Amino acid sequence: MPESSAPEFLSTTRLRLAPLAAADVAEVHAIYADPGTWLHLPTGRHTALAQAERMVDESEQSWAASGLGRWAIRLRHDLPSTALPGTTLAAGMLIGVASATLMDCGAHNFGYRLTPASWGIGLATEAATVALAAAQASANPVTARVLAGNPASVRVLERIGLTLVWRGQGVAGTASDQPATAALERLIFADRPLKPDLLAAIINLG
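What follows is about the confidence of the model for the chain. For the chain, mean pLDDT is 90; residues scoring 70 or higher make up 90% of the total. Predicted confidence for residues 1-5 stays below pLDDT 50, and this span has 10 contacts to residues more than four positions away or in other chains. Taken together, the stretch residues 172-183 has pLDDT below 50 and engages in 21 contacts with residues farther than four places along the chain or on a different chain.

Printed below as a string of C-alpha cells:
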C-alpha cells in the first residue's frame with residue numbers, strides 16, 4: 001500500500017522540489033545528456049529522450065507504490081552562477097533531479113544530479129537535505145550509491161548524515177563497460193544498518 005496518497009512538494013530557501021512530471025522531460029534530458037554531469041562515469045550519459053521519459057514513468061510508479069519518487073529541482077529566485085561567472089540562473093529554472101525511488105529490494109535509492117552551471121553554491125546539499133528528510137519518513141531504508149572517484153558527491157552524502165556501509169567493486173558489467181579501476185570503486189551509504197541480504201542485493205545492482 002502507498003505510504004502517502006499524494007506526491008510530496010518540498011521547498012527550501014532557494015529551491016522548490018516537485019514530483020517529476022512529463023512536462024519536465026525535455027529539461028531533464030538536457031541535463032542528463034550533458035557530458036559535464038557525467039565526468040565520473042561518461043557511459044552513463046543519456047543519448048535519447050526516451051531515457052528521460054522512462055525516468056518519469058519509473059518515478060510515477062514509485063510515487064504510487066511508496067509515496068516517494070523523483071523530484072524536479074527548480075530555483076525559487078534568480079541566482080548568480082559561480083560555475084559560469086557573469087551569468088545568472090533564472091528563477092523557475094530546472095537545475096536537476098533528486099531521487100528516493102523504491103527499488104525491488106525494498107530500499108529507497110537516494111540520489112541527485114544537478115546541471116554544472118549550478119555547482120559550487122551549495123544547492124546539491126540544500127536539495128539533498130530536504131529530500132532525505134522526506135525519504136526518512138518512510139519505514140524503508142534509504143541508500144545511496146556513488147563512485148569513490150566522485151569526492152564532491154561523497155562529501156554531500158556525508159554532510160547530510162548518511163553513513164558509509166560498503167565499499168568495493170560493483171558487479172562487472174552492470175553499471176559501466178569501463179575497466180574496473182580505483183576510480184570506479186563504488187561506495188554504498190545508508191541511513192541505518194542494512195541486513196546482509198539487503199546489502200548484497202544493493203551491491204549486485206553494480
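Next comes the rest of the description.
Turning our attention to helix 4 (residues 151-159). Those residues of helix 4 lying buried are S153, V154, V156 and L157. Considered in projection along helix 4, the buried side chains sweep an arc of 160° and stay on one side of the axis. Turning to helix 4, the residues buried within the fold contact strand 7 (108-114), helix 3 (123-135), strand 8 (142-147) and strand 10 (186-190). Looking one or two residues past helix 4, G161 carries a phi angle of roughly 105°, positive in sign.

This next bit is on the nonpolar core. Among the nonpolar cores identified, the biggest contains 37 residues, and L17, W71 and F110 are the most heavily contacted of them. Looking at this core, the elements that each hand over two or more residues are strand 2 (15-19), strand 3 (70-75), strand 6 (94-102), strand 7, helix 3, strand 8, helix 4 and strand 10. With 9 residues, the top contributor of residues to this core is helix 3. The residues contacting F110, other than those within four sequence positions of it, are S99, A100, A128, A131, L132, V142, T143, A144, L157, I160 and L162. If you look at the next biggest cluster of nonpolar residues, it comprises 15 residues, including V25, L41, A52 and V97.

Turning to the packing of aromatic side chains, a few remarks are in order. Following the criterion strictly, the structure yields 2 aromatic pairs and no others. Plain terms: the ring middles of W63 and W71 are 5.4 Å apart, the flat faces sit at 90° to each other, and that makes the pair edge-to-face. Taking relative accessible area as the criterion, W63 reaches 7% and is therefore assigned buried. The cationic tip of R113 hangs over the ring face of W38; the distance from NZ or CZ to the ring centre is 3.6 Å.

Parameters and conventions
- Residues numbered from 1 in each chain as written.
- Predicted model: local features only at pLDDT ≥ 70, side-chain atom pairs only at ≥ 80, totals over all residues.
- Heavy atoms only, no water.
- pLDDT = per-residue confidence, 0-100.
- Contact = heavy atoms within 4.5 Å.
- Buried < 20%, exposed > 50% of the residue type's maximum accessible area, 1.4 Å probe, protein only.
- Helix = DSSP H or I, 4+ residues; strand = E, 2+ residues; numbered from the N terminus.
- Arc of directions from axis to C-beta.
- Core = buried A, V, L, I, M, F, W, Y, C linked by side-chain atoms within 4.5 Å.
- Phe/Tyr/Trp six-rings, centres within 6.5 Å; stacked < 30°, edge-to-face > 60°.
- Lys NZ or Arg CZ within 6 Å of the ring centre and 35° of its normal.

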